[in-house]
Amino acid sequence: MKRRDYNAFIGDIQRYRPLTVVVISILVLLPTFDEMFTQSLSILVVLFRMAEVMFVDSILVWLVSSVLLHYARTQSRAERVNDSQAEFHA
């Protein structure tokens, strides 16, 4: 991969992080929504669970994405160093 690809990857991760948190939270809460619609669960309980799930999911998504960002930035820097060394030796 080229440095340009790593920079695009970094931008995509930063852009889709919040969307990923919301999608994972909704998937985790599907059974809770089902219980709410069958009226065996209060809306306040659902909102409390949603807050908890979004908090935990956001921590997990940000941790995983920070590892990916660190890797991409490291590879991008290595590519930049290789480019500058190639220009120096040419």
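Residues numbered from 1 in each chain as written. Predicted model: local features only at pLDDT ≥ 70, side-chain atom pairs only at ≥ 80, totals over all residues. Heavy atoms only, no water.

**Details of the overall build of the protein**
- Counting its regular elements, the protein contains two helices and zero strands.
- Expressed as a percentage of the 90 residues in the protein, the buried residues total 21%.
- Pairs at least 24 apart in sequence give 75% of the contacts found in the protein among residues at least 6 apart.
- For the protein, the computed accessible surface area is about 6,700 Å², with 66% contributed by carbon and sulfur atoms. (Helix = DSSP H or I, 4+ residues; strand = E, 2+ residues; numbered from the N terminus. Buried < 20%, exposed > 50% of the residue type's maximum accessible area, 1.4 Å probe, protein only. Contact = heavy atoms within 4.5 Å. Areas by Shrake-Rupley, 256 points an atom, 1.4 Å probe, with all protein chains shown as cover.)

**Concerning the nonpolar core**
- Core analysis: the largest hydrophobic core is formed by six residues, namely Leu 29, Phe 33, Met 36, Leu 41, Val 46 and Val 53.
- When residues of this core are traced back to their parent elements, those giving at least two are helix 1 (3-37) and helix 2 (43-89).
- The element contributing the most residues to this core is helix 1, with three residues.
- In this view, Phe 33 contacts Ile 26, Val 46 and Met 50; residues no more than four positions away in its chain are not counted. (Core = buried A, V, L, I, M, F, W, Y, C linked by side-chain atoms within 4.5 Å.)

Keep in mind these numbers describe shape, not what the thing actually does.
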